[in-house]
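# Structure assessment
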Amino acid sequence: MSFPTPLEIKALAEDYGYTERREEVSCTLFFLQTNPQTPNHPLLINIFYTTRGIMTQLPHPSQGYNSLWRSSAYDSLETLAMLFENPRAHTGRGYRQAKDAVRGCAKCGFQKTRVEYSANQWKAGPGKAVCSECVTSNKTGGIKKENGG
């Protein structure tokens, strides 16, 4: 499966009225859309195109101006278009703080939170990170040691 390229993402953003707010940095595209009703709080979308993550920052009706992060938020231009059209769309993949981020373990396949990975494994990225439980299981030949025994 091939995912949208940076050029395709930029064209799509423009189609939905977004402009690039700064140059691309570390595989991240930065977009902005202003609303005349809230000129001091523009809608910001950052697209992390190598991991398919998205950060949206927008005015929320009851919580004020805040950010939402989504892991593996899109798999095609169509699903990305849905988020450009409605950045508030509930995808079931969002979190507000880094500690709430989830990622699938490359070995067991279960979705696990950031604290269930070592720092190095988390940095390996989606599709490569192996949870601490699987790493431990592998080191002990598939038998988990309980209480140091």
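Counting starts from 1 at the beginning of each chain's written sequence and moves along it residue by residue. The predicted nature of this model means local features are confined to residues of pLDDT at least 70 and side-chain atom pairs, given and counted, to a pLDDT of 80 or more, with totals for whole chains, interfaces and linings taken over all residues. To get the side-chain values, take all heavy atoms of the structure and skip hydrogens and water.

## Thoughts on the overall build of the protein chain
Broken down by element type, the protein chain carries four helices and eight strands. Secondary structure elements are defined from DSSP: runs of H or I of at least 4 residues count as helices, runs of E of at least 2 residues count as strands, and each element is numbered from the N terminus. Helices (α) and strands (β) of the protein chain occur, in sequence order from the N terminus, as α-β-β-β-β-β-α-β-β-β-α-α. Burial classes follow relative accessibility: with a 1.4 Å probe on protein chains only, a residue under 20% of its type's maximum area counts as buried, one over 50% as exposed, and anything between as partly exposed. Burial analysis of the protein chain (149 residues in total) assigns 33% to the buried set. Contacts in the protein chain between residues far apart in sequence, at least 24 positions, make up 31% of those at least 6 positions apart. Contacts are assigned to residue pairs with any non-hydrogen atoms lying within 4.5 Å of each other.

## Digging into the nonpolar core
Nine residue types can take part in a nonpolar core, namely buried Ala, Val, Leu, Ile, Met, Phe, Trp, Tyr and Cys, and a core is a set of them joined through side-chain atoms within 4.5 Å. Counting residues in each nonpolar core, the largest one holds 19 residues, and the members touching the most others are Ile9, Phe31, Ile47, Ile54, Tyr74, Leu80 and Phe84. Counting only elements with at least two residues in this core, the list comes to α1 (6-15), β2 (28-33), β3 (43-48), β4 (53-60) and α2 (77-85). In terms of residues, this core owes the most to one element, α2, which gives four residues. Ignoring any residue separated from it by four or fewer positions in sequence, one finds Ile54 in contact with Ile45, Asn46, Ile47, Phe48, Leu68, Trp69, Arg70, Ala73, Tyr74, Leu80 and Leu83. Counting residues in hydrophobic clusters, the runner-up holds seven residues, among them Cys105, Ala129, Cys131 and Cys134.

## Quick notes on the pairing of strand β1 (residues 19-25)
For a regular strand, side-chain orientation follows a simple rule: the groups alternate between the two sheet faces. We call two strands paired when DSSP finds no fewer than two bridges between them. In this sheet, β2 lies alongside β1 in antiparallel orientation, the contact comprising four bridges. Looking at the pairing, Val25 lines up with Thr28 of β2. Remark: two residues form the turn of the hairpin made by β1 and β2, two consecutive strands paired antiparallel; Ser26 in that turn has positive phi of roughly 45°.

## Considerations on the state of the cysteines
Only a pair of cysteine sulfur atoms within 2.5 Å counts as a disulfide in this structure description. For the structure on display, the rule yields zero disulfides. The closest cysteine sulfur to the non-disulfide-bonded Cys134 is located on Cys131, 3.5 Å from its own sulfur.

## Description of the pattern of salt bridges
Only one rule defines a salt bridge in this text: a Lys or Arg side-chain nitrogen within 4 Å of an Asp or Glu carboxyl oxygen. For the structure on display, the rule yields three salt bridges. One salt bridge connects Lys10 with Glu20, and the closest N-O pair in it is separated by 4.0 Å. Linking Lys10 in helix α1 with Glu20 in strand β1, this pair joins segments that are ten residues apart in sequence. In this structure Glu20 comes out as partly exposed when scored by relative accessible area, which is 40%. Through salt bridges with shared partners, a single network forms among Lys10, Glu20 and Glu24.

## Description of the side chain of Lys112
Note that Lys112 resides in strand β8 (residues 111-113). Among the polar contacts made by the side chain of Lys112, one reaches the side chain of Glu133 at a distance of 3.3 Å. Pairs of N or O atoms within 3.5 Å make up the polar contacts considered here, provided that, within protein, one atom can donate a hydrogen while the other can accept it, and that residues adjacent in sequence are counted only when both atoms are side-chain atoms.

## Examining the environment of Thr113
Considering the arrangement of structural elements, one finds Thr113 in strand β8. We classify Thr113 as partly exposed; its relative accessible area is 27%. Between the C-alpha atom of Thr113 and that of Cys131, which follows or precedes it by 18 residues, the distance is 9.2 Å.

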